[in-house]
Amino acid sequence: MCNACGCSPPDQWSRTEQLKGASRRLRGAITEELQQPTRLFSEDAIQILKFHGVYQQDDRDRRKEARALGLDKHHMMMIRTRVPGGVVSPSSYIAHDDIAGDIGNGTLRLTTRQDFQLHGVLKADLKEAIQRINDGLLTTLGGCGDQERNIMCCPAPLQDPVRDEVQELLPRLVAGLTPTTRAYVEIWLDGELAASSQDEPADELYGEHYLPRKFKTALAIEGDNCVDVYANDLGLVARRGEHGGLAGFDVLVGGGLGRTANKPNTWPAVATQLGFIAPEDAVDVARAVMTVQRDYGNRADRRHARMKYLIADRGIDWFRDEVEARLGAQMQPPRTLRWSSAADHLGWHDQDGAGCFYGLFIENGRIRDDGTENLRTAVRQIVEELSPRIVLTPQQNLIFAGLRAEHQDVILETLLRHGVTPTEAVPGTILNSMACPAWPTCGLAVAESERAMPALIRELTVLQESAGLATQTISFRMTGCPNGCARPYLGDVGFVGTTLGKYDVFLGGDTEGTRLNQLYAHNVPLAQVPELLRGPLEEYARTRTPGEGFGDWCARHGVEGLSEHYIKAEGIA
Ligand code: SRM
Ligand code: SF4
């Protein structure tokens, strides 16, 4: 660390920093490698490709078979489309569905940040896929990489002046935080080649090295935390003024959930309040926050490089001073935040005079046909027939908006015809669950998640019902490693993969997503999970106070004490 200002000096920077700096604003050798008849990119190109929304993966189910046959891994690409606020036109939806069918693995994945992911695209088809996504007027630039990621926003399409103002801010925020490189257009859209990155104007925000790490922003509406605003590097919470319009934003900084097993200098953190700002200052404040992280974030150790660590290392007061110095103005003191819900707006809702909308539950975000339940066909038919406004939600679901009352029958009939259970008939336990992709596509997975959760959550549904808690909202979230992609540390209950077939179980988050849960049981075989939740759930049903959520009850009793009582004393795990 540099003695003068505490930043990490360039000679200590990680290899990724060298690669970014030498990439000529994210060009690297991608164009050249695309032309080579290989199935995979070089390690250097893989790092730069992430900025373009592309991950090189391999089908982990096929590794053994390939090894036995002396073959290489089955390499394929995951493409993440950045969808600000989750708003998708019907034609963009159809474009993604077509790509999934023509050159992907036949499924669409809706992510926990309101994006699309396409899996299983071969390198030879990558350019075509990205061109088709752009033809649908969306981009993959910023899907991944050390830059601003998809900016989330509450998806509820309600008639509300505050929501309207937030929707107006969103594209300005996206424009203000997106890199200016022309590399994307050059590489994927056959845009005019710049002789070198020197020919394009400097990127004032990102420079040549971009950010030390990914940077995530979410916009929430006061009272409604469906976006999980506390999980973001930067959160802006819209506050209502006395006359119903937008009064300004509460600024939250330093959220982030990733941690690495056995690395004590990594931890999940909820964002802290920084101050209150006027609506017109939102873009400048966001850029100021980002530049503090750009200038002081750790570029030597990528595991300790998110903005949450900078704030933990230097303190929130230092951070506020830096932001205000860049703004040339002081923020107002933070206001008290109150949340009444973090629900994902599922089911039928009135749009206050503008028709109605339907939040369709998509289990773990995966849209596929499996022969019995043909969700992909059903969604496509609804999109083709009704041409609704579509909004991807922060909890892996999808909203059809701008509907008329008579569309209810069309949607219900289409879902049933294709074997899809309508959202209103899905048990609450399942509706409030999420799981990350993990196996077979995620190279970081140490345990199953999306493929393990459906069976587990059905067992937990039975358990919840038998405890007399059928109508109680309890969120269960699972990930296949500690990185936290389905935000397990913010659920009432979190399951985090530790090794194949085993999970750490966390309890004590709150339904509003403001508090981290705590370790209840370590390294539990999947089959034992329901049994070790039975005791706390039954006791909660007997002793909860009116309106008390399961996570709140666990926190009130102390998760450590529950663990002593139910795990160690009874020798369950
Ligand atoms: Fe994530 C890495 C999937 C949301 C924390 N995440 C990955 C990768 C790309 C694996 C990799 O690096 O090789 C996963 C691809 C799996 C696959 O096969 O598709 C992956 N993350 C996902 C998605 C698809 C999960 C989902 O169920 O929807 C989400 C895509 C979001 C998007 O559209 O941009 C997703 N990831 C998150 C979230 C939740 C959020 O942002 O609200 C988190 C926790 C919040 C945070 O960032 O702190 C998250 N993902 C990570 C991390 C840990 C970051 C850290 O600070 O340590 C990694 C690993 C890394 O960056 O090194 C990671
Ligand atoms: Fe992969 Fe881990 Fe994220 Fe799941 S939580 S998608 S296993 S990185």
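Residues numbered from 1 in each chain as written. Chains lettered and ligands numbered in written order. Predicted model: local features only at pLDDT ≥ 70, side-chain atom pairs only at ≥ 80, totals over all residues. Heavy atoms only, no water.

Novice: Could you give an account of the overall build of the chain, with specific residues and numbers?
Specialist: Within the chain one finds 18 helices and 22 strands. Against the compact-globule benchmark of 25 Å for 573 residues, the chain has a radius of gyration of 23 Å, which places it among compact chains. The principal-axis extent of the C-alpha atoms belonging to the chain is close to 70 × 55 × 55 Å. Per-residue burial for the chain yields a buried fraction of 57% across its 573 residues. Pairs at least 24 residues apart make up 67% of the contacts formed inside the chain by residues separated by at least 6 positions. Within the chain, one finds 61 positive and 77 negative side-chain charges whose respective centroids are separated by 5 Å. (Helix = DSSP H or I, 4+ residues; strand = E, 2+ residues; numbered from the N terminus. Rg over C-alpha atoms; globule rule 2.2 N^0.38 Å. Buried < 20%, exposed > 50% of the residue type's maximum accessible area, 1.4 Å probe, protein only. Contact = heavy atoms within 4.5 Å. Lys, Arg positive; Asp, Glu negative; His and termini not counted. Charge placed at Lys NZ, Arg CZ, Asp CG, Glu CD.)

Novice: Can you break down the coordination of the iron atom of ligand 1 residue by residue, with the values?
Specialist: No protein donor other than Cys485 (SG) coordinates the iron atom of ligand 1, and that contact is at 2.3 Å. Inspection of the secondary structure puts Cys485 in the loop between β19 (476-479) and β20 (493-499). (Donors = N, O, S within 2.8 Å, 3.2 Å for Na, K, Ca; no water.)

Novice: Tell me about the site of ligand 1, and name the residues and values.
Specialist: In the vicinity of ligand 1 there are 29 residues, among which Thr111, Asp115, Leu257, Thr441 and Cys485 approach most closely. Every element with two or more residues in the shell around ligand 1 is listed here: β1 (54-58), β2 (75-81) and β5 (116-121). Tallied by class, residues from the shell around ligand 1 come to 9 nonpolar, 11 polar and 9 charged. (Near = heavy atom within 4 Å. Nonpolar A, V, L, I, M, F, W, Y, C, P; charged D, E, K, R; others polar.)

Novice: Give me the lowdown on the sheet that holds strand β17 (residues 398-403), citing residues and values where you can.
Specialist: Pairing within the open sheet is antiparallel, and its 5 strands lie in the order β3-β16-β17-β14-β13. Two strands bound the open sheet, and with one partner strand each, they are β3 (87-88) and β13 (347-350). Sheet topology note: the β13/strand β14 (residues 356-360) ladder contains 4 bridges and is antiparallel. Its bridge partner lying in β14, Trp348 is registered against Tyr358. Running at roughly 20° to β17, helix α12 (residues 375-386) makes contact with β14, β16 (389-392) and β17 of the sheet. Contacts from helix α13 (residues 407-417) reach β13, β14 and β17 within the one sheet, and its direction differs from that of β14 by about 15°. (Pairing = 2+ DSSP bridges. Axes fitted to C-alpha atoms, helices over the stretch in contact; angles between N-to-C directions.)

Novice: Go over the pattern of salt bridges, please, and point to the residues and values.
Specialist: One pass over the structure, following the stated rule, counts 40 salt bridges. A salt bridge links Lys20 to Glu17; the shortest N-O distance between them is 2.8 Å. With a gap of 3 residues between them, Lys20 and Glu17 both fall in helix α1 (residues 15-21), about one helical turn apart. As far as burial versus exposure is concerned, Lys20 and Glu17 are alike and both buried. A salt bridge links Arg320 to Asp317, with the nearest nitrogen and oxygen atoms 2.9 Å apart. Taken as a pair, Arg320 and Asp317 lie in helix α11 (residues 316-327) at a separation of 3 residues, close to a single helical turn. Linked through salt bridges whose partners overlap, the residues forming this network are Glu17, Lys20, Asp146, Arg299 and Arg302. (Salt bridge = Lys/Arg side-chain N within 4 Å of Asp/Glu carboxyl O.)

Novice: Tell me about the sheet that holds β1, residues and numbers included.
Specialist: The 5 strands lie next to each other as β1-β2-β5-β4-β15, forming an open sheet whose pairing is antiparallel. Lying at the two open borders of the sheet, with one neighbouring strand each, are β1 and β15 (366-367). Of the strands in this sheet, β2, β4 (108-110), β5 and β15 touch helix α5 (residues 90-102), which is tilted by about 20° from β5. Packing of helix α6 (residues 123-135) onto the sheet brings it into contact with β1, β2 and β5, and relative to β2 it is tilted by some 10°.

Novice: Any chance you could break down the packing of helix α10 (residues 307-314) against α11 for me, citing the residues and the numbers?
Specialist: It is at 6 Å that the axes of α10 and α11 come closest, and there the two elements cross at 110°. Here α10 lies roughly perpendicular to α11, going by the angle between them. For the pair formed by α10 and α11, the contact residues are Met307, Leu310, Ile311 and Arg314 on the first element and Ile316, Trp318 and Phe319 on the second. (Parallel < 35°, antiparallel > 145°, perpendicular 65-115°, else oblique.)

Novice: An account of the nonpolar core is needed here, citing residue identities and associated values.
Specialist: Among the nonpolar cores identified, the biggest contains 110 residues, and Tyr93, Phe249, Val289, Phe319, Leu398 and Phe400 are the most heavily contacted of them. Sorting elements by how many residues they give to this core places helix α9 (residues 282-296) first, with 9 residues. For Phe249, the contacting residues outside a window of four places in its chain are Val166, Leu169, Leu219, Leu236, Val237, Ala238, Gly275, Phe276, Ile277, Pro279 and Ala282. Counting 38 residues, the second largest nonpolar core, distinct from the first, contains Phe361, Leu460, Phe476 and Val505. (Core = buried A, V, L, I, M, F, W, Y, C linked by side-chain atoms within 4.5 Å.)

Novice: Could you give an account of helix α16 (residues 529-543), naming the residues involved and the relevant values?
Specialist: Taking 1.5 Å as the rise per residue, α16 with 15 residues should run 21 Å; its terminal C-alpha atoms sit 22 Å apart, in good agreement. Residues of α16 that are buried: Val529, Pro530, Leu532, Leu533, Gly535, Pro536, Leu537, Glu539 and Tyr540. (Expected span 1.5 Å × (residues − 1).)

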